[in-house]
Amino acid sequence: MIRINLLAIESHRTAGRGRMRRRVFAACGAVVILTGSVVGTRVCSVRRESDRLASAMASAEREVEDLAPVLEGVRDREAERSRLADRVAWLDARRRQQDEPVRLLDEVGRSLPDGAWLTELRQEAGTLVLRGRAASLTSVSDFVAELERAASFSAPVEVVDSQVDDRGNVGDPIRFELHAALHGPPGPTGAR
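Residues numbered from 1 in each chain as written. Predicted model: local features only at pLDDT ≥ 70, side-chain atom pairs only at ≥ 80, totals over all residues. Heavy atoms only, no water.

**Here's the deal with the nonpolar core**
Item 1. V108, L147, F153 and L178 are the most contacted members of the largest nonpolar core, which totals 17 residues.
Item 2. Within the residue set of this core, elements represented by two or more residues are helix 2 (100-111), strand 2 (127-134), helix 3 (137-149), strand 3 (153-164) and strand 4 (174-182).
Item 3. Those residues in contact with V108, other than ones at most four positions away along the chain, are L118, L128, L130, F143, L147 and F153. (Core = buried A, V, L, I, M, F, W, Y, C linked by side-chain atoms within 4.5 Å. Buried < 20%, exposed > 50% of the residue type's maximum accessible area, 1.4 Å probe, protein only. Helix = DSSP H or I, 4+ residues; strand = E, 2+ residues; numbered from the N terminus. Contact = heavy atoms within 4.5 Å.)

**Some remarks on the sheet that holds strand 1 (residues 116-124)**
Item 1. Pairing in this open sheet of four strands is antiparallel, and the strands run 1-2-4-3 from one edge to the other. The sheet is open, and its two edges are formed by strand 1 and strand 3, each paired on a single side. Strand-to-strand twist of the sheet, defined as the mean angle between neighbouring strand axes without regard to direction, takes the value 20°.
Item 2. In terms of strand pairing, strand 2 meets strand 4 through eight bridges, oriented antiparallel. Counted as the bridge partner of R133 is R175 from strand 4.
Item 3. Here helix 3 sits on the sheet and contacts strand 1, strand 2, strand 3 and strand 4; the angle it forms with strand 3, its principal contact strand, is near 165°. (Pairing = 2+ DSSP bridges. Axes fitted to C-alpha atoms, helices over the stretch in contact; angles between N-to-C directions.)

**Here we look at the pattern of salt bridges**
Item 1. Inspection of every chain in the model, using the stated rule, returns ten salt bridges.
Item 2. Here R75 and E72 are joined by a salt bridge, their closest N and O atoms 3.6 Å apart. Of this pair, R75 and E72 both sit in helix 1 (residues 6-96), three residues apart, which is roughly one turn of the helix.
Item 3. Overall, the relative accessible area of 48% leaves R75 in the partly exposed class.
Item 4. Look at E72 and you get partly exposed, because its relative accessible area is 39%.
Item 5. Here E177 and R131 are joined by a salt bridge, their closest N and O atoms 3.0 Å apart. Residue E177 is located in strand 4, and its partner R131 is located in strand 2; the two are separated by 46 residues in the primary sequence.
Item 6. Look at R131 and you get partly exposed, because its relative accessible area is 29%.
Item 7. Salt bridges sharing partners connect three or more residues here, namely E120, R122, E124, R131 and E177. (Salt bridge = Lys/Arg side-chain N within 4 Å of Asp/Glu carboxyl O.)

**Quick word on the confidence of the model for the protein**
Item 1. For the protein, per-residue confidence averages 82 on the pLDDT scale, and 82% of positions sit at 70 or higher.
Item 2. Low pLDDT, under 50, characterises residues 185-192; the predicted model gives this stretch twelve contacts beyond four residues in sequence or across chains. (pLDDT = per-residue confidence, 0-100.)

**Quick word on the packing of aromatic side chains**
Item 1. Within the structure shown, the criterion is met by one aromatic pair.
Item 2. Ring centres of F143 and F176 lie 6.0 Å apart, and the angle between their planes is 70°; this geometry places the pair in the edge-to-face category. In this pair, F143 sits in helix 3 while F176 sits in strand 4, placing the two residues 33 residues apart along the sequence. F176 shares its class with F143; the two are buried. (Phe/Tyr/Trp six-rings, centres within 6.5 Å; stacked < 30°, edge-to-face > 60°.)

**Here we look at the side chain of S139**
Item 1. Among the secondary structure elements, S139 is positioned in helix 3.
Item 2. Accessibility expressed as a relative area gives 9% for S139, which makes it buried.
Item 3. In contact with S139, not counting residues within four places along its chain, are P113, D114, G115, A116 and A134.

What follows is the structure, encoded as structure tokens:
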């Protein structure tokens, strides 16, 4: 009869299983410890980054508070600039809407040289009559030349009268009368 001791094999198997279990538990423990240390390191890193970002946010908020008056000043300047741009546009529109007498006065005023002044200005049937005084005949001829270049008048501008004012003083002014034929109103390119 052959006897087989099954208990010894059993105990050998059980002993092998126990060692195996201890190794598995040790490996699992090592994995848990390793995972815990990695997670702990990551948590510390995230906390440091969070603290750094919170500090940066606080600094940025302080800068925003410090720059608030400057930003308000910029807004005020922008509003003023916008208001002035609107005013310039309004004035430009009014200038373009000037009627003929205003344009004529503007052109006559720009044509009048130094040393000459007007005493009378009137319009008679398509002709502008200009009377005035000048310090010299050169001033009168300069005035005529400028009027002939102006967009509202046709060349030639007639010099009807020019003579020395006879009050007896040396250097008396010259009296003059000019007649200038009118064109229609100048176009947008005619204004100077």
